[in-house]
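Geometric and topological summary
Given next are the chains, with one letter for each unit.
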Amino acid sequence: MSDVDVPAEIADRTVPATVPGCVHTDLLDAGLIPDPYLDDNELSLAWIGRSDWRYRTTFRPPAGDHDRIDLVCGGLDTVATVSVNGVEVGRTENMHRGYRFDVRALLRAGENELTVAFDSVYRYAEAQRDRLGDRPNAYPEPFQFVRKMACNFGWDWGPTLVTAGIWQDIALHAWSTARLATVRPLVTLDGRDGRVELHVEVERVADVPLTVRAAVGGVRAEAVVEAGQRTAVLTLTVREPALWWPRGYGEQARHLLEVSLHAPDGDTLDTWSRRIGFRSVRLDTTPDEHGTPFALSVNDVPVFVRGVNWIPDDAFPTRITRDRLADRFDQAAAANVNLLRVWGGGRYESEDFYDLADERGLLVQQDFLFACAAYPEEEPFGGLGGEVAAEAREQVTRLTPHPSLVLWTGNNENIWGWHDWDWQEALAGRTWGRGYYLDVLPRIVGELDPTRPYWPGSPWSGSETIHPNDPAHGTTHIWDVWNTDDYTKYREYVPRFVAEFGYQAPPAYATLRRALSDEPLAPNSPGMAHHQKAAGGDVKLQRGLDAHLPAPADFDDWHYLTQLNQARAIQLGVEHFRSHRDVCAGTIVWQLNDCWPVTSWSAVDGDGRRKPLWYALRHAYADRLLTVQPRGGGLAGGGGLALVAVNETAEAWTASATVTRVTLTGEPRAKTSVDLDVPAYSSVTLALPAELARPDESCHEVLVAEAGGTAERALWFFAEDRDVDWPAAAWDATVEPFDGGQRVRVTARTVLRDLTLFPDRLDPSATVDDALVTLLPGESATFTVRSKGPLDPASLTTRPVLRAVNDLA
């Protein structure tokens, strides 16, 4: 394998391999390594990424007489030498590309041998670093010196598990005369008609005329590829097709596009098919009185982006099934999300990912794979013939059929890093990636996919003369909140588009208990500390608690309160940004998902369990949102408040709303009624009168805004929870069984602040339909719990399973 310290029980051992797969998962399946996601096992497995590995198998050639037999490698991770019958056929050094090798002349009747030898990716990356000169990055790993999933090398939410292996399909492809090498449909609208400009490239071994035929929506076209030629362009116009829309805006109509390649005698040589969607995409960045907008329209309808950032759902990508992706997409859609940003430190996602996005109407923003580092532009990476360009051309071509894909982005935070992260002195004039983001990638997108906008970075202001993270221009990332400042600072920003902002919390209790053997669990117990990857993360969590909430008495309190504070932070930010939708055109929360059990910014943890943030996001991203917002000088000295109604539907929202100032015991102090008339895709801001905005006793009162059943009610507390003289929480509860679960009805005898049920503490499979419910005395809420078996009613209705902020009192 290599000269690293390989455990004696593994050195020189042959292990069955699953393909697609990787070394880690094969060793795990063989029982030779512990689960790297548990406790601190990750640390004892660092040798795997520094070792060399060899895959070997035997095979028989396909029957029949063929002009070509190719070995097709969908994806090799990463630095590989491929040999057939002892003869080297190719070398690879890019995880994000596929490879094809002509092996016909090497094959023999009967048994043949295929070997794929993987060199240590560390050795490769460190050699490139030494040759080209070191460059700054966010983490002490050489991830920018190899075209591989960067987060394999660890991140502030992920483990360092540097993989190797055949991570996508590998197979023989036998063919004659010619084959379809690439098929690239550019799908647009021409008025009400759908237009497909179909670019076809063939690979041929016979110099004969070929015919390409295509059909979609009952329309057919064909073109001849003359002898000696390799390309053809066909245009198909479908009259007034059903359109593809993002979720919430219409149906996701898709149409089967079929392409075939034919020999001179009419025989079919190759076929290709995809389901496409007819839709237009436009990005408005025309400067206005507020700066530079970043406003997305689909089919000429402006779309307020309610997004989440997406990271690889597992450190080992081959464990991510279509069903698992479908679960995540369903969780996103149920939280009223309409866009997934595929972050640049991960991977170009699977066909299943984009197909599910097409099917469910989830828009996709796709980063090119550069994140948080200065990247070299020299060979073998740079230039129009280098690895980066080859990778980009392949992936742009691959993804053009997908209507969900609406935006290409050049990188994550690298232009910002060059400006603000003390890179320039360290670089001393060396390349850092600018040429990729502002030249190579936009040229490739412009050539291969002119139907979609390209944006050089996230964040990016739209101009090199404006700071890349200026909130008034283009896209911005807000990370002073969390890193240094309290989350109420979100209200100081009125950005054009927020592409990242987030706040941490631990995963679900059942997830912690599965992953950690700590006894007892504590915020700083060994396993908890190892599964907190963010620098100063626990200090930042504590700072947030100190600013807002009562002091926790034990781990159960700490767990509930940190999860609650995460939910509060993001709900405050989202509602604030949405209340300024006339200026701000979208938000993308960091982050939807996790790749392992970890304290992180996710709404869904590494075991797929929804954190309280998920429920807060569902509320804050609702199609119709009521929110109380400070306006006109803030709250100091009894400043102004406003009721903001946000309508992200195609129908006007008309309703009668009431706003009541009540005591925590439910006694009304002031009330007003307003008529809401909110146009489609718009918002209305209504100033609240002083008798509502100015409490008699700030620590004992709350505003309640309601609009009948047309939207969830909005609350405004005049004081932080830590300063409120809460009554001890008291409630009555009943538990009613039903097939598959139980209904828990809670009736408040006192105010109950952010009442939340955690059934996974009783059964790891248990889920609940709602959370973070605030009840005034006499009000009731019903929680629907689903589980594999009945749960103890007494445990379901007491702490630590059923919690409220004022049960700490």
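Residues numbered from 1 in each chain as written. Predicted model: local features only at pLDDT ≥ 70, side-chain atom pairs only at ≥ 80, totals over all residues. Heavy atoms only, no water.

**So, the overall build of the protein**
Along the protein, the regular secondary structure elements total 16 helices and 43 strands. Taken over C-alpha atoms, the radius of gyration comes to 28 Å for the protein, in line with the 28 Å a tight globule of 809 residues would show. On the principal axes, the C-alpha backbone points of the protein span a range of 90 × 65 × 60 Å. Put simply, the protein has 809 residues, and 60% of those count as buried. Counting contacts in the protein only where the partners sit at least 6 residues apart, residues at least 24 apart contribute 69% of the total. Counting only carbon and sulfur atoms, one obtains 47% of the accessible surface of the protein, whose full area is about 30000 Å². Taking the 78 positively charged and 116 negatively charged side chains of the protein as two groups, their mean positions are separated by 2 Å. (Helix = DSSP H or I, 4+ residues; strand = E, 2+ residues; numbered from the N terminus. Rg over C-alpha atoms; globule rule 2.2 N^0.38 Å. Buried < 20%, exposed > 50% of the residue type's maximum accessible area, 1.4 Å probe, protein only. Contact = heavy atoms within 4.5 Å. Areas by Shrake-Rupley, 256 points an atom, 1.4 Å probe, with all protein chains shown as cover. Lys, Arg positive; Asp, Glu negative; His and termini not counted. Charge placed at Lys NZ, Arg CZ, Asp CG, Glu CD.)

**Some points on the pattern of salt bridges**
Charged atoms that come close allow side chains of opposite charge to pair. Enumeration according to the criterion identifies 69 salt bridges in this entry. Put simply, Glu 378 and Arg 135 hold a salt bridge, and the shortest N to O gap is 3.3 Å. Note that Glu 378 is positioned in the loop between β24 (363-367) and α5 (387-399) and Arg 135 in the loop between α2 (121-132) and β8 (153-155), a separation of 243 residues in sequence. Overall, Glu 378 belongs to the partly exposed group, its relative accessible area being 30%. We note a salt bridge from Arg 513 to Glu 519, for which the minimum N-O separation is 3.5 Å. For Glu 519, a relative accessible area of 64% gives the class exposed. A network of salt bridges, in which partner residues are shared, links Arg 254, Arg 322, Asp 330, Asp 352, Asp 355, Asp 358, Glu 359 and Arg 360. (Salt bridge = Lys/Arg side-chain N within 4 Å of Asp/Glu carboxyl O.)

**Here's the deal with the layout of surface pockets**
Roughly 1200 Å³ of internal volume is contained in the second largest pocket. As for the second largest pocket, its lining consists of 41 residues, and the residues nearest its centre are Gln 571, Leu 715, Phe 717, Arg 753 and Asp 754. Only α13 (555-579), α14 (612-620), β30 (624-630), β36 (714-717), β39 (752-757), β41 (773-775) and β42 (780-786) provide two or more residues apiece to the lining of the second largest pocket. At six residues, α13 tops the list of elements feeding residues into the lining of the second largest pocket. (1 Å grid on protein atoms, 1.4 Å probe; cavity = no way out; pocket = protein on both sides within 12 Å on 5 of 7 lines; lining within 4 Å. Points joined across faces, edges and corners; volume = space filled by probe spheres on them.)

**Quick notes on the side chain of Thr 81**
Looking at the element boundaries, Thr 81 is found in strand β4 (residues 79-84). Those residues within four positions of Thr 81 in sequence are excluded, and the remaining contacts are Glu 88, Gly 90, Arg 91, Thr 115, Val 116 and Ala 117.

**Considering the nonpolar core**
Among the nonpolar cores identified, the biggest contains 175 residues, and Trp 155 and Phe 368 are the most heavily contacted of them. The element that contributes the greatest number of residues to this core is α13, accounting for 11 residues. Aside from chain neighbours lying at most four places away, what touches Phe 368 is Gly 344, Tyr 348, Ala 392, Val 396, Trp 408, Thr 409, Gly 410, Asn 411, Leu 441, Val 445 and Tyr 454. Counting residues in each nonpolar core, the second largest holds 28 residues, with Tyr 55, Leu 76, Val 84 and Tyr 99 among its members. (Core = buried A, V, L, I, M, F, W, Y, C linked by side-chain atoms within 4.5 Å.)

**Remarks on the pairing of strand β13 (residues 193-204)**
Counting buried positions over the 12 residues of β13 gives nine, a clear majority of the element. Where strand β12 (residues 178-190) and β13 come together, 12 bridges link them in antiparallel fashion. The residue bridging Arg 179 from the neighbouring strand is Glu 203, located in β13. (Pairing = 2+ DSSP bridges.)

**A look at the confidence of the model for the protein**
Chain-level pLDDT for the protein is 97 on average; 99% of the residues reach the 70-or-more range. Scored below 50 in pLDDT, residues 634-638 shows six contacts in the model against residues more than four places distant or in partner chains. (pLDDT = per-residue confidence, 0-100.)

**Digging into the packing of helix α12 (residues 537-548) against α13**
Contact geometry for α12 and α13: axes closest at 10 Å, N-to-C directions at 85°. Judged on the interaxial angle alone, α13 and α12 are roughly perpendicular. Only Trp 558, Leu 561, Thr 562 and Asn 565 of α13 make contact with α12, whose side of the interface consists of Leu 541, Gln 542, Gly 544, Leu 545 and His 548. Residues belonging to the contact of α12 with α13 are distributed by class as follows: four nonpolar, five polar and no charged. (Axes fitted to C-alpha atoms, helices over the stretch in contact; angles between N-to-C directions. Parallel < 35°, antiparallel > 145°, perpendicular 65-115°, else oblique. Nonpolar A, V, L, I, M, F, W, Y, C, P; charged D, E, K, R; others polar.)

**A few points about the sheet that holds strand β38 (residues 741-748)**
Spatially, β37-β38-β42-β40 is the arrangement adopted by the four strands of the open sheet, whose pairing is antiparallel. Looking at the sheet topology across the chains shown, the edges are occupied by β37 (731-738) and β40 (767-768). Sheet topology note: the β37/β38 ladder contains eight bridges and is antiparallel. Considered in β38, the bridge of Ala 733 is made with Val 746.

**Concerning the environment of Leu 45**
Mapped onto the fold, Leu 45 is located in the loop between α1 (23-29) and β1 (53-59). Leu 45 sits 38 residues away from Pro 7 along the chain, and the two C-alpha atoms are 9.8 Å apart. The residues contacting Leu 45, other than those within four sequence positions of it, are His 24, Ile 33, Pro 34 and Pro 36.

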